Amino acid sequence: MSLKQYKEVLVNPLIKENNPITLQILGICSALAVTSNLNVTLIMCIALTSVVSLSNLFISIIRNYIPSSVRIIVQMTIIATLVILVDELLKAYDYETSKKLSVFVGLIITNCIVMGRAEAFAMKEKPFVSFLDGLGNGIGYSLILIGVAFIRELFGAGTLFGIPIFGDWYPTNNLLLLPPSSFIIIGLFIWLIRGYNNDQIEEDEFDLSKHSVAPNLNKRELNV
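A quick note: this is a predicted structure, and the numbers were derived from the prediction, not measured.

Visitor: Could you give an account of the nonpolar core, with specific residues and numbers?
Guide: Judged by nonpolar contacts, the single largest core of 40 residues is most densely connected at V51, I108 and Y141. Listing elements by their share of this core, those giving two or more residues are helix 2 (29-34), helix 3 (38-61), helix 4 (71-93), helix 6 (112-122), helix 7 (127-156) and helix 9 (181-196). Once residues within four sequence positions are removed from consideration, Y141 is found in contact with N19, P20, I21, G27, S30, M44, C45, L48 and I113.

Given below as structure tokens:
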């Protein structure tokens, strides 16, 4: 592959073409629980990016030796091992953040982004480009989550990284601190990005026939 192709693999999942959240609508669940605080969000983003890039790398290295009938089991084993390693490192070096993240680091195992890139890309491509694909998708995921966390913490609690920004005069906005607000913000991101880049708007799968429920006043019925 040329340098330009490597660059496309890394950059395309960011915003422009193939973002895992705004275009593929994957990895939404973690946005509910970990985006009320920027510090926790950054740790989650680093954890997922590390897992998806390294799992792509290792799966690609052994892809030619994995029997098709057990490929999902092998992928899950590699991903689970990396998640356990990341979780244990987090507990060792930042136990307080580990408690805040609770089970959500462990749930990276079931994240559609990680499994999707392993199955769709790493099983077909060479190790280095697979690593870049995982890195690009992890960063693309991180950009959206960091944006959501920035809005929720700043306008919800009036802080960034726990540091007061607006001061005591700013009341807590409980709506933005509730998990469902993440869906609203992500929806706005999707709307803005697709409004800017019309190529991301999907075509209608079915053509709806034109019809009206309004009565036809010109039609005369025969009364019997």
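Visitor: For the environment of A31, give the residues involved together with the corresponding values.
Guide: Along the chain, A31 falls in helix 2. A residue is classified by how much of its surface remains accessible, and A31, at 1% relative accessible area, is buried. A sequence separation of 150 residues divides A31 from S181, and the C-alpha atoms of the two residues are 9.8 Å apart. Those residues in contact with A31 that lie beyond four places of it in its chain are L145, R152, S182 and I186.

Visitor: Quick rundown of the confidence of the model for the chain? Include the residues and the values.
Guide: Across the chain, the average pLDDT comes to 80, with 86% of residues at or above 70. Ranking the elements of the chain by mean pLDDT puts helix 2 last, at 74, and helix 3 first, at 90.

Visitor: Explain the environment of I46 residue by residue, including any values.
Guide: Here I46 lies in helix 3. Taking C-alpha positions, I46 is 9.6 Å from V86, a pair spaced 40 residues apart along the chain.

Visitor: Explain the packing of helix 1 (residues 3-11) against helix 7 to me, and be specific about the residues and the numbers.
Guide: Angle between the axes and distance between the axes: these two values describe a pair of packed helices. Axis separation between helix 1 and helix 7 bottoms out at 7 Å; the angle between their running directions is 35°. Between helix 1 and helix 7, the contacting residues are Y6, V9 and L10 on the first element and F128, V129, L132, D133, L135 and G136 on the second.

Visitor: Please give an account of the side chain of T41 that cites residues and values.
Guide: Position of T41 among the secondary structure elements: in helix 3. Of the residues examined, T41 reaches a relative accessible area of 0% and is grouped as buried. Engagement of the side chain of T41 in a polar contact is seen with the backbone oxygen of N37, the distance being 2.9 Å. Ignoring any residue separated from it by four or fewer positions in sequence, one finds T41 in contact with V34, T35, L145, I146 and A149.

Visitor: Could you give an account of helix 3, naming the residues involved and the relevant values?
Guide: Given a rise of 1.5 Å per residue, 24 residues ought to cover 34 Å, and the 34 Å separating the end C-alpha atoms of helix 3 matches this to within 8%. Where helix 3 begins, the side chain of N37 points an oxygen toward the backbone nitrogen of N39, at a separation of 2.9 Å.

What counts as what
- Residues numbered from 1 in each chain as written.
- Predicted model: local features only at pLDDT ≥ 70, side-chain atom pairs only at ≥ 80, totals over all residues.
- Heavy atoms only, no water.
- Core = buried A, V, L, I, M, F, W, Y, C linked by side-chain atoms within 4.5 Å.
- Buried < 20%, exposed > 50% of the residue type's maximum accessible area, 1.4 Å probe, protein only.
- Helix = DSSP H or I, 4+ residues; strand = E, 2+ residues; numbered from the N terminus.
- Contact = heavy atoms within 4.5 Å.
- pLDDT = per-residue confidence, 0-100.
- Axes fitted to C-alpha atoms, helices over the stretch in contact; angles between N-to-C directions.
- Polar contact = N/O pair within 3.5 Å; in protein donor to acceptor, adjacent residues only side chain to side chain.
- Expected span 1.5 Å × (residues − 1).

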